[in-house]
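Survey of secondary and tertiary structure
What follows is the residue order along each chain.
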Amino acid sequence: MGDPKDIGGLDVDIEAELARFEAEERARLGLETAPKEHWVDEMTTPLFTASQRKKTTLLVGGLTLAQDYLVEGALRGIGYEVRALSEADETALRFGKEYGNRGQCNPTYFTVGNLVKELCRLRDEEGLTSEEVVRNYAFLTAGACGPCRFGMYVTEYRKALRDAGFDGFRVLLFQQTGGFKQATGEELGLVLNPEFFITVGKAIFAGDVINLVAYRMRPYELEAGAVDRAIEEVKRGVYEALQQRTSIYAALWRGRKLLRAVPIDRLKAKPKVSVIGEFWAMTTEGDGNYHLQRFLEQEGAEVSIQVLAATLLYNLWEFRHDTKARLDLRGADASKFGLAGSDAGLTLGGLYFAEIALRVWWQSFAKVLGLADYHLPDMDEVARAGHSFYNVELRGGEGHLEVAKLILNVINQKSHMTVSVKPFGCMPSSGVSDGVQSVITERYPEAIFCPVETSGDGAVNFYSRVQMYLFKARQRAREEYERALEEEGVTEEQLRAFLESRAGRRYARTLRIPPHVSAGTTTDLVREIAPLARASRLGRVQIRARRAALGVRDFAREDVAHWAAFGRDVAPFVPAIARFVGKELAELMQEKAPSLRRGWSRLFDRATKLSVEEEAQVRAAEATSAAAPTPTERVRPQGLPVVA
C-alpha cells in the first residue's frame with residue numbers, strides 16, 4: 001500500500017481505498033466468480049481418415065460459381081462426397097458478424113458466415129443434431145500466411161464454429177498433408193497426391209475459360225439470357241465429364257458447339273472495364289462485391305476479369321524470383337524455403353517447366369472451347385512494369401500485380417477503365433489503390449481508374465462511384481468507335497451489310513474475336529472489316545494475304561523471340577533436370593531389374609529358338625564330335641631361362 005496522505009486533516013491511504021473500491025465493484029459485477037479463460041484453437045490437426053471418407057461430406061467454396069460447381073464434380077469423380085456451398089450473400093454476412101471476431105475484413109465475414117449459415121441450415125431445417133453435423137461434414141479450403149488477415153481465416157472459421165455450437169467441426173487445409181498416414185496409423189481421408197491436384201486443376205482451368213467466354217459474349221447477345229443458358233449447359237457437360245472421369249476435352253468441344261449457336265452482335269460500342277484488386281473481392285460474383293460484374297454489364301460495359309491461372313503463375317514467379325535471389329548468398333540458407341541440401345538448378349528448372357506445363361494445359365482448354373486470342377500474362381513483363389512504382393520484394397495481397405495491371409491496361413490499351421475493388425480496411429490493396437495508384441494516374445493521365453471498397457452495406461454509394469467513372473469510359477468508347485468509322489471511311493450500315501454477306505459471315509461468328517488494336521472490341525472489329533467492306537473480291541484476297549504475311553512476321557519477331565529468350569533462361573538448368581530424370585530412371589530400372597531380366601531372357605530365347613532341321617544338324621554335329629579321336633598333346637621343349 002502507498003503512504004497515507006493528509007487530506008483535509010484526515011490520514012487516507014489512497015492505494016488502499018482504490019483497491020477496496022475495485023474489489024467491491026468486481027464483486028458487484030460478478031467478475032470474481034471464475035478465473036479468466038482464453039479460447040485456444042485445438043483443432044489445428046483435424047482427423048479425417050480413409051474409413052470416414054464415404055460417411056463425410058466435404059463442403060467447398062470460395063472461388064467463382066463455375067469453379068466451385070466444377071470442383072464438386074471433380075472431387076466426386078475421384079471418390080469423395082462433396083457439395084459446393086451456395087453463393088455468399090447478405091445472410092452469410094450477418095452470420096459472420098454475429099459469430100466472428102470484431103474488426104475483420106469483408107471476405108472473412110462472408111466466407112466464415114457462409115459456412116456457419118450452411119451448418120445452421122443443416123441443423124435447423126434438415127433436423128441434424130450439432131454432433132451429427134460435426135461428425136458427417138468437413139470444410140475444405142486453402143490456407144496461407146502473410147501480412148493480411150487471410151492467414152487467419154482458418155482460425156476465424158474454428159472460433160465462429162465453436163460459438164455457433166459446432167465445436168470440433170473439421171476445417172481441412174490443402175497444405176495439411178500429414179504424409180500418407182496419420183498419428184493413428186490409418187490412411188488419410190484427404191490424399192493430396194498428383195491425381196487430386198490434376199483433377200482440381202482441370203476443374204479450375206475449365207472454370208477459367210468458361211467464365212472468360214461468358215464475359216466476352218454476354219454484353220453482345222441479341223436475346224437476353226441466351227448466353228447464360230448456354231453457359232449452364234456447358235458447365236453441366238463438363239461437370240458430368242469430371243464426375244464420370246470421361247474426356248473433359250470432349251465435353252468442352254460439345255460446349256463449343258452450344259456457344260456457337262448463340263447469336264451476338266459485336267457492332268455495339270461498349271466500354272471495356274478491367275476488374276482488379278483484392279483476390280476474393282474481384283473473384284466473387286455476389287453480395288460480397290455488390291454483384292459488381294453484373295452491375296457493369298447492366299450499365300452497358302464489357303467486363304474483363306482476372307483468372308485463377310494468372311494467380312498460380314504469380315506464385316510460380318515468386319518462388320522462382322526468390323530462388324534466384326538466394327543463389328547470390330555466400331552460403332545456402334537453411335530456412336523453410338532455403339536451398340540447403342537441395343539442388344538449386346533442379347528447383348529452378350522444375351519451376352520453369354511447371355510454368356510451361358501450366359500454360360500449355362490451360363491454353364489447350366481455351367482452344368477446345370473456342371476462347372480465341374487470349375494470352376496468359378508474362379509475369380516477368382508484369383514485374384518490370386510494376387517494379388518502378390512498387391518494389392517486387394514487397395509481398396502481401398496482390399503484391400505488385402495491381403500496379404502493373406493498371407499500367408499495362410493503359411499502355412497496351414487493354415481496357416477503357418480499370419476498377420480496383422477491395423474490402424474496407426484491406427491493408428495491402430487499400431495502400432496500393434489509395435497511395436501508389438495516384439502516382440500512376442499522374443504519370444498516365446489518360447487512365448480511368450476507379451478504386452472502390454466493399455463493406456457489406458452502402459451499395460448505393462458504391463454504385464454511384466462506379467457510375468461516375470463509367471460515364472467517362474462510355475464516352476471514350478463511343479469517341480473511339482466513331483473515330484475509327486471516320487478514319488476508315490465507312491458507316492455502321494455498310495459494316496452490318498458486309499457481316500451479313502457471304503464474304504463477311506466468318507467475321508460475325510460468335511466465338512471469333514478481332515485482332516487487338518484498341519481498347520474496345522467493337523473498334524477492333526471496325527479496323528478489321530472496314531478495309532474488306534470497301535474492297536472488291538480481288539482486293540479482299542490481297543488484304544487477307546497481306547495480313548497473313550504480317551502475322552507471320554509478327555510471330556517471328558515476337559513469339560519466336562519470346563520463346564528463344566525463355567529457352568536461354570531455362571538452358572542453364574537443363575543438366576540438373578537431366579541428372580534428376582536419369583537418377584529416377586536408374587532407380588526405376590533397379591526396382592524393375594528382376595522382371596526386366598526375365599523379360600529379356602524370354603525375348604532372347606524366342607529370338608534364338610532353332611527350327612527342327614537346325615536342331616537335327618546340331619545333334620549330328622555333337623555326335624560326330626564325340627566319336628572323333630582325341631588329339632595327342634605335344635610336349636614343348638624347355639629352353640634356357642632368359643636373364644635380363
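Predicted, not measured: the structure shown is a model, and the values here were computed from it.

With parallel pairing, four strands are arranged side by side in an open sheet as β8-β7-β9-β10. Both outer strands of the open sheet, β8 (302-304) and β10 (449-454), are each paired with one neighbouring strand and no more. For this sheet, the mean angle separating the axes of adjacent strands, direction not counted, is 30 degrees. Bridge count for strand β7 (residues 272-277) against strand β9 (residues 417-423) is five bridges, and the pairing is parallel. Looking across to β9, one finds that glycine 277 is bridged to valine 421. Its contacts with the sheet place helix α15 (residues 401-411) against β7, β9 and β10, and it is angled at close to 165 degrees to β7.

This next bit is on the pattern of salt bridges. Working definition: two side chains of opposite charge can pair if their charged atoms are close together. Taken as a whole and judged by the stated rule, the model has 32 salt bridges. Put simply, arginine 123 and aspartate 124 hold a salt bridge, and the shortest N to O gap is 3.0 Å. With relative accessibility at 24%, the residue arginine 123 sits in the partly exposed group. Classification of aspartate 124 as exposed rests on a relative accessible area of 56%. Here aspartate 228 and arginine 294 are joined by a salt bridge, their closest N and O atoms 3.1 Å apart. Of this pair, aspartate 228 sits in helix α8 (residues 226-244) while arginine 294 sits in helix α11 (residues 292-298), and the two are 66 residues apart along the sequence. Look at aspartate 228 and you get partly exposed, because its relative accessible area is 25%. In the salt-bridge network here, residues are joined through shared partners; they are Arg83, Glu118, Arg121 and Glu126.

Another point: the confidence of the model for the chain. Averaged over the chain, the pLDDT score is 83; the fraction of residues at 70 or greater is 83%. A low-confidence stretch, residues 176-185 stays under pLDDT 50, and its non-local contacts, those more than four residues away or across chains, total 22 contacts. Segment residues 635-644: pLDDT under 50, and zero contacts once partners within four positions in sequence are set aside and those in other chains are kept.

Basis of the calculations
Residues numbered from 1 in each chain as written. Predicted model: local features only at pLDDT ≥ 70, side-chain atom pairs only at ≥ 80, totals over all residues. Heavy atoms only, no water. Pairing = 2+ DSSP bridges. Helix = DSSP H or I, 4+ residues; strand = E, 2+ residues; numbered from the N terminus. Axes fitted to C-alpha atoms, helices over the stretch in contact; angles between N-to-C directions. Contact = heavy atoms within 4.5 Å. Salt bridge = Lys/Arg side-chain N within 4 Å of Asp/Glu carboxyl O. Buried < 20%, exposed > 50% of the residue type's maximum accessible area, 1.4 Å probe, protein only. pLDDT = per-residue confidence, 0-100.

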